[in-house]
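# Notes for the structure review
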Amino acid sequence: MSLKSKNDLEKKTNHLKGQTSPYLLQHLYNPVDWHPWGEEALQKARGENKPLLISIGYSACHWCHVMERESFENQDVARLMNRHFVCVKVDREERPDIDHLYMDAVQLVSGQGGWPLNCFALPDGRPFWGGTYFPADQWKNILLRVAELYENQYADLEEQAGRLTGGVASNGLIPPAEEAPLFSQSDGQQLFESMMEGMDALEGGTRGAPKFPLPGIHMFLLHYYALTGEPEALLQARKSLDKMAMGGIFDQLGGGFARYATDDQWRVPHFEKMLYDNAQLISLYAGAYQVCRDPLYREVVYETLGFVQRELTASNGLFFSALDADSEGVEGKYYVWTDKEVDEILGETAPLFKKYYQVGAKGYWESGLNILMRTQRPEAFASEQGIDPDAFQKTLSQSRKKLLNLREQRIRPALDDKVLVSWNALMIQALSDAYAAFGEQTFLDRAMHAARFILANAVGADGRLFRKLDGKQASIDGFLDDYALMIQSLIRLFEVSMLEAFILPARALTEYVLEHFSASGTSLFCFSSDGGESLAAPAYEIHDNVIPASNSVMATNLFVLANLFEKPEWARRGSEMLRDIRPRLDRFGGSFSNWGRLLLNHAWPFHVVVVSGPGAEEKTTELNGHFLPAALIAGTASPAGSLPVFEKRFDPAHTLIHVCSMGQCKLPVESVGQALGQLEG
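A brief look at the structure comes next.

What counts as what
- Residues numbered from 1 in each chain as written.
- Predicted model: local features only at pLDDT ≥ 70, side-chain atom pairs only at ≥ 80, totals over all residues.
- Heavy atoms only, no water.
- Helix = DSSP H or I, 4+ residues; strand = E, 2+ residues; numbered from the N terminus.
- Rg over C-alpha atoms; globule rule 2.2 N^0.38 Å.
- Buried < 20%, exposed > 50% of the residue type's maximum accessible area, 1.4 Å probe, protein only.
- Contact = heavy atoms within 4.5 Å.
- Pairing = 2+ DSSP bridges.
- Disulfide = S-S within 2.5 Å.
- Arc of directions from axis to C-beta.
- Salt bridge = Lys/Arg side-chain N within 4 Å of Asp/Glu carboxyl O.

Assigned secondary structure in the protein consists of 25 helices and 19 strands. A globule of 681 residues ought to have a C-alpha radius of gyration of about 26 Å, and the protein, at 26 Å, matches this closely. In terms of overall dimensions, the protein has a C-alpha envelope of 80 × 70 × 45 Å along the principal axes. Residues counted as buried form 58% of the 681 residues belonging to the protein. Residue pairs at least 24 apart in sequence account for 69% of intrachain contacts in the protein once pairs closer than 6 positions are excluded.

This is the structure in structure tokens:
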């Protein structure tokens, strides 16, 4: 857990004592009298007639650390904050509902957002102004100006809060359209062309800097290629994946991806490592491997899974949230190297290693430090240097191991040891996808263990899902992303394991969402359930960012499960959600990539591939080895399979494969090749 170490026990704590969030505990000894979000802070604001100062961030956030050092640890700044405001600290990862509210407000005010997020609100929680990072002198001026306005122009602030809260409330509330949901393949082509306009054909990813991996966009490109054979889609996806894998954003020694690259060539990372990035990138590279069998993509999957196992896996088999960007107060210090260090560690093999990983060349960063990156694959480099490829690979592996062993003796970046259900669901999906691509039983075992642990400990007696686990202790009512991503991961886990013990809870959680997250006047789901805390304005998450929008995931879940359980009303709800979002897809395709994949599954045929009989496990595994984004695989080796798609489709003497759509099936076949032919036909 990432806590300050300097004489902490001798310092005075603020109201964050007793919290479990590593981010909140980082601020435990600030002279600012921070409160956690809750009724106590709101009552204090009302009782003392002070505005709320709501500061939101997360433990691995570099600029959050900077603002803490410059302002929140500064006695003079703290006195101003304590005198004029009730100060509230929020971990955005624990409470994304609060983050949504105040981030939307700040974006309406300033047109931009980010973390740390600092928002001022009336005592009832309605926001009236805010921003992100501010240097200390500017921050002091802002504090004094806001305090003055609250004292002398309260009516103006109240009017602003009313307008701003109304704007936030209406921002994501999309009313249902009247027309029937209809989607064509030309819609898919238009969306593909729209996305390609924003892509960087030379360096991969989206144009400009900073560069985020954005796995959703690249999964869309792979999905579109699988349906159409469009070579440009695959070329752009591979360009991005190759550049990321060989750039500084990928940890060339220990595996795993940093948050993003600050430049436009994937060279200089923002060094924090997040579980949700790495989970989705594992899925992306596993899918890309299924498409083109590139050994580089296999290498990335295995090394990233190794990083997660080594550094982000709890003793109970679940997954921690993040590693900080900083160590010893310096961003990236844990990961970078000097020429001298490499020479001393590797000796006579250093020159070749340095040339391959751009040490002293493109890898040069600042202050004589180097970020390891490469521009060639090992075999191409060995050929260019006139050396044996196998010998070079062996030398490279030994050299990397030496440097990694030394690196592990350094002071490590702080660990955010929160266990969040939504992010763990992404990791369960990643392990399932990796198992499908490579057949490693340990990947499936880890995925099943994590899913069973969550189902046993994070689901309440009334069927609700909780957001956070501390050991077996669940806390914080789950939000839509927890449900949507958990359902998605259980669907995938059922595909690769054939165990109904995973798909039946997915159905139950879906029924809970339909009952408790639906809202009047929209086909979309609220981000918070009807039993959750009521904030100043409701949130409807619709934009696919680095993590796909919970509504796009939930619409996809409804579509897929409708085919599996033969529930046309679920398919209709998902189609209506897509219909109502559709106008935004035409204008901002890159921000709706997961919605775009759902559109592809509406415009092209989608199937459930039912595999039943004594050899079902072998044939299901073989099918899962293919990239089939427009199909769901349902296998059973037992005549007792209870799902509707298994009914009257089991022959104890034969293993049959039925390719079906909403209960209508083609003639059964007995080979995977024949089934793949039916999917293509």
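So, on to the sheet that holds strand β19 (residues 664-665). Across the sheet, which stays open at both edges, the 4 strands sit in the order β17-β16-β18-β19 with mixed pairing between neighbours. Strands at the two margins of the open sheet, each flanked by one partner only, are β17 (631-636) and β19. Across 6 bridges, strand β16 (residues 607-612) lies against β17 in parallel orientation. Across the sheet, the residue bridging to V611 is G635, located in β17.

With that out of the way, let us pick up the sheet that holds strand β14 (residues 466-470). Strands sit in the order β13-β14-β15 across an open sheet of 3 strands; the sheet is antiparallel. This sheet does not close on itself; its edge strands, each paired only once, are β13 (419-420) and β15 (473-477).

Our focus in this paragraph is the state of the cysteines. Across all of its chains, the model carries 2 disulfides by this definition. Through a disulfide, C660 is tied to C665; the S-S separation comes to 2.0 Å. As the torsion about the S-S bond is roughly 100°, the C660-C665 disulfide counts as right-handed. Taken N- to C-terminal, the disulfide-bonded cysteines of the protein are connected 1-2, 3-4.

Looking now at helix α2 (residues 39-48). Taken together, the buried positions of α2 are occupied by A41, L42 and A45. Seen from one end, α2 has its buried residues packed into an arc of 100°, which puts them on one side. When the buried face of α2 is taken as reference, the exposed residues oriented beyond 90 degrees from it are E40 and G47. For α2, the secondary structure elements touched by its buried residues are β1 (35-36), β2 (52-57) and β3 (86-91). Phi turns positive one or two residues past the end of α2, at N49, with a value near 50°.

Under the counting rule described, the total for this entry stands at 40 salt bridges. With its nearest N and O atoms 3.1 Å apart, the salt bridge here joins R582 to D187. Here the residue R582 occupies a position in helix α22 (residues 568-587), and D187 occupies one in helix α8 (residues 185-197), the gap between them amounting to 395 residues. Summarising the burial analysis for this pair, R582 and D187 share the class buried. Note that E299 is salt-bridged to R374, the shortest N-O span being 2.9 Å. Separated by 75 residues along the polypeptide, E299 in helix α12 (residues 295-311) and R374 in the loop between α14 (350-356) and α15 (378-385) bring together distant segments of the chain. The buried category is assigned to R374, whose relative accessible area is 7%. Taken together, the shared-partner salt bridges connect D91, E93, D416 and K418 into one network.

What follows covers helix α24 (residues 616-624). Those residues of α24 that sit buried are A616, T620, L623 and N624. Burial along α24 is one-sided: seen end-on, the buried residues are contained in an arc of 95°.

Read these as geometric descriptors, not functional statements.
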